[in-house]
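So the chains spell out like this:
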Amino acid sequence: MFKRTRPMKFMRSSSAVLLTFLSLLISVNATPLATVEASTVSQTKAQLADEEKIKNVINAYFKLRYEGQKLLKAQDFSYLLADKNRNWVQAEKDKREIELYVASAYNLNYMSYQYTLDYESIQISLGQATVHLREGHEVVFAALAPEVSRMANLEHIITLTQTKNDWKILDDEYQDELTRLMAEKNKDVIIEQVRLNYAADAQQVRSSVFHSHNLARLAYQRALTSHSYNRIAAIQYADYWATKRNVTTYHNETNNDCTNYVSQALYEGTSHTMSTPDNYMTKWYYDFPSHSGSYPWVNVDGLRSFLLNNYSNGGRGPKGINLQSMCSLQPGDVVQLRNGSIWFHTVIIVVKLNSSCSEASFLYDAHDVDRFHYPLSYLSSYTKRYTAVVGWND
Amino acid sequence: MKFISLILVVFAVSACSPTAISSPVSSPTLTVQWSIEYIATASVDALKQQSPKEIASYLFDQWLNHSKASEAPLRYRLEDYQIREVELPENLEALAKEQSVDFVAAVTFSVKPTQVPYSYWVAGNGTVTEEGWIKNKFLLVGVVEKDVIYKLSVIGTGP
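If you're wondering where the values come from, they're calculated on a predicted model, not measured in any experiment.

Colleague: An account of the overall build of chain B is needed here, citing residue identities and associated values.
Modeller: Counting its regular elements, chain B contains 2 helices and 8 strands. Helices (α) and strands (β) of chain B occur, in sequence order from the N terminus, as β-β-β-α-β-α-β-β-β-β. With 159 residues in all, chain B has 50% of them scored as buried. Sequence separation of at least 24 residues holds for 62% of the intrachain contacts in chain B that already meet a minimum separation of 6. Taken as a whole, chain B presents about 7,300 Å² of accessible surface, with 51% of it coming from carbon and sulfur.

This is the structure:
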């Protein structure tokens with residue numbers, strides 16, 4: 001369950017100006033939408049079953065969150081609540097404020113959205129209701145358009161209480177990457193980290209290593225990561241060792257070195273941070289005494305699974321997100337290839353030549369066969385999956 | 001390649017499962033110094049009736065069988081293996097030319113290493129099963145004919 005924390009009273013001076021501006025942007029004109037009000041009006045219709053009334057309230061609650069991300073304005077959801085002074089309410093407001101800050105900084109407001117609420121159960125007893133549902137969505141972030149980003153199976157437990165003819169929300173328990181982060185850090189600390197990450201990203205994009213002006217792939221999770229992925233370090237390592245083996249440090253997995261090599265490059269990008277070596281199958285590490293990498297370190301599927309699941313697992317090491325297309329790839333990201341039903345090969349993107357979204361624009365390095373600055377279009381006959389490295393856990 | 005000794009003891013290799021493709025001729029059990037750089041070979045004459053796919057399969061079977069030797073380090077040693085499929089993809093002709101081989105074959109196979117953790121066979125691709133197999137591994141291999149000998153060249157996981 002999400003442990004919510006109280007926000008700090010004062011912002012750090014270094015981010016005060018930007019935060020003040022964004023706070024104004026977010027808080028001014030924070031009004032509920034007319035469309036949402038219709039749902040509460042509908043509650044008064046006596047003929048609606050309690051379940052329908054409850055669903056209407058919950059739908060309004062989610063609609064306000066999504067509309068806020070679309071309009072880049074906080075939407076007041078307090079009229080849906082039984083008690084505005086509960087701790088979770090402030091935490092939810094803080095969370096939405098962080099989301100809006102990220103969206104403002106990274107151009108990640110929704111151009112369009114479609115959310116689904118999959119109701120698993122609604123239990124009503126003595127004027128209280130407990131609702132189990134799973135939230136999913138398909139959204140188009142402004143910076144990523146037209147790429148569709150998806151989320152699924154975010155479990156919520158929402159409790160409501162009946163007041164006269166209405167149902168009001170008492171609590172919303174759920175856990176996503178931001179709630180987990182907020183369990184450890186308060187709003188202002190997180191926003192400061194976002195600001196620092198943004199500055200670091202902008203600096204990297206300006207560097208000569210990158211030819212892209214596109215900050216699009218700096219997606220939500222990346223902005224929130226506690227440690228920035230050092231792409232330059234990863235790329236430099238990949239380039240240096242693309243056609244040779246670093247056998248003084250690592251074992252050469254002869255003919256099968258593709259993922260071992262990419263993991264070595266990622267390791268450079270995580271300031272030499274790897275998982276605690278306590279689970280060979282699920283943790284990402286290289287065991288230097290035995291000169292062997294764990295399953296996620298050396299195996300195509302293992303690496304992909306580790307990167308995508310390193311939010312919930314919280315293991316030390318890199319974390320990534322799946323990209324629906326190559327358009328948001330950046331140097332340092334990982335591409336894997338499929339033949340039939342088998343994901344068989346891992347390469348690392350090292351150069352983006354221009355801002356166009358074509359395979360010819362991306363160059364990769366790889367082992368077995370060793371490749372240095374090959375265009376991704378060389379692999380055009382294969383199905384691919386793209387993993388953006390968004391940061392790393394310590 | 002350094003051969004210290006080469007004693008061919010020809011008998012039927014029954015390592016492959018019923019789903020594995022059959023080898024054109026029996027693979028020999030080799031008693032040679034174990035090496036990951038081992039190169040599987042066969043005389044052209046012995047395989048003259050075989051198709052390129054069968055030749056690749058025969059040589060790859062020999063290459064895998066090499067790692068069943070007791071001399072193989074634990075990290076590389078196999079208890080068993082299955083060759084599931086051998087393909088000759090048309091889109092790898094350029095790779096064949098680059099690698100100086102006559103043709104490139106894409107092999108799908110499974111192996112059962114003596115131990116899974118830190119096994120060489122975990123690297124690259126494949127899915128680890130609870131029974132200790134690594135299923136659906138994939139490798140690109142080349143075959144070259146030189147001096148009346150077919151030789152296998154293990155290329156890697158990807159083009």
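Still more ground to cover, so stick around.
Colleague: For the interface of chain B and chain A, give the residues involved together with the corresponding values.
Modeller: Listed by partner, the interface residues are 34 residues for chain B and 35 residues for chain A. Three residues, Arg75, Tyr118 and Pro159 of chain B, lead the burial of chain B against chain A; their summed loss comes to 25% of the area buried on that side. Counting across the interface, chain B meets chain A through 2 salt bridges. A salt bridge links glutamate 98 of chain B to arginine 371 of chain A; the nearest nitrogen and oxygen atoms lie 2.6 Å apart. The interface formed by chain B and chain A contains 23 residue pairs in polar contact (both at pLDDT 80 or more). Of all elements in the fold, only α2 (93-98), β6 (127-128), β7 (134-146) and β8 (149-156) of chain B reach the threshold of two or more residues within the side of chain B that touches chain A. Tallied by class, residues from the side of chain B that touches chain A come to 17 nonpolar, 12 polar and 5 charged.

Colleague: Can you break down the sheet that holds strand β7 (residues 317-323) of chain A residue by residue, with the values?
Modeller: Residue and element names in this part refer to chain A. Within the open sheet, the 6 strands sit side by side as β7-β12-β8-β9-β10-β11. Their pairing is antiparallel. The sheet is open, and its two edges are formed by β7 and β11 (371-375), each paired on a single side. Ignoring which end each strand starts from, the neighbouring axes of this sheet average 35° apart. Bridge count for strand β8 (residues 334-339) against strand β12 (residues 383-393) is 5 bridges, and the pairing is antiparallel. For valine 334, the partnering residue across the bridge sits in β12 and is threonine 387. Contacting β9 (342-352), β10 (362-366), β11 and β12, helix α8 (residues 231-240) crosses the sheet at an angle of about 110° to β9.

Colleague: Could you give an account of the environment of asparagine 354 of chain A, naming the residues involved and the relevant values?
Modeller: You can see asparagine 354 of chain A is positioned in the loop between β9 and β10. Within the local environment of asparagine 354 of chain A, its side chain forms a polar contact with the side chain of serine 361 of chain A, the two groups lying 2.8 Å apart.

Colleague: Explain the nonpolar core to me, and be specific about the residues and the numbers.
Modeller: Residue and element names in this part refer to chain B. Counting 68 residues, the largest nonpolar core has Leu59, Phe60, Trp63, Leu64, Trp121 and Leu152 as its most contacted members. With 7 residues, the single largest contributor to this core is helix α1 (residues 52-66). Apart from the residues lying within four places of it in its own chain, the contact partners of tryptophan 121 are Trp63, Leu64, Ser67, Arg75, Tyr76, Arg77, Leu78, Phe109, Val111, Pro113, Ile134 and Lys137.

Calculation notes
Residues numbered from 1 in each chain as written. Chains lettered and ligands numbered in written order. Predicted model: local features only at pLDDT ≥ 70, side-chain atom pairs only at ≥ 80, totals over all residues. Heavy atoms only, no water. Helix = DSSP H or I, 4+ residues; strand = E, 2+ residues; numbered from the N terminus. Buried < 20%, exposed > 50% of the residue type's maximum accessible area, 1.4 Å probe, protein only. Contact = heavy atoms within 4.5 Å. Areas by Shrake-Rupley, 256 points an atom, 1.4 Å probe, with all protein chains shown as cover. Buried area = accessible area lost by both parts, 1.4 Å probe. Salt bridge = Lys/Arg side-chain N within 4 Å of Asp/Glu carboxyl O. Polar contact = N/O pair within 3.5 Å; in protein donor to acceptor, adjacent residues only side chain to side chain. Nonpolar A, V, L, I, M, F, W, Y, C, P; charged D, E, K, R; others polar. Pairing = 2+ DSSP bridges. Axes fitted to C-alpha atoms, helices over the stretch in contact; angles between N-to-C directions. Core = buried A, V, L, I, M, F, W, Y, C linked by side-chain atoms within 4.5 Å.

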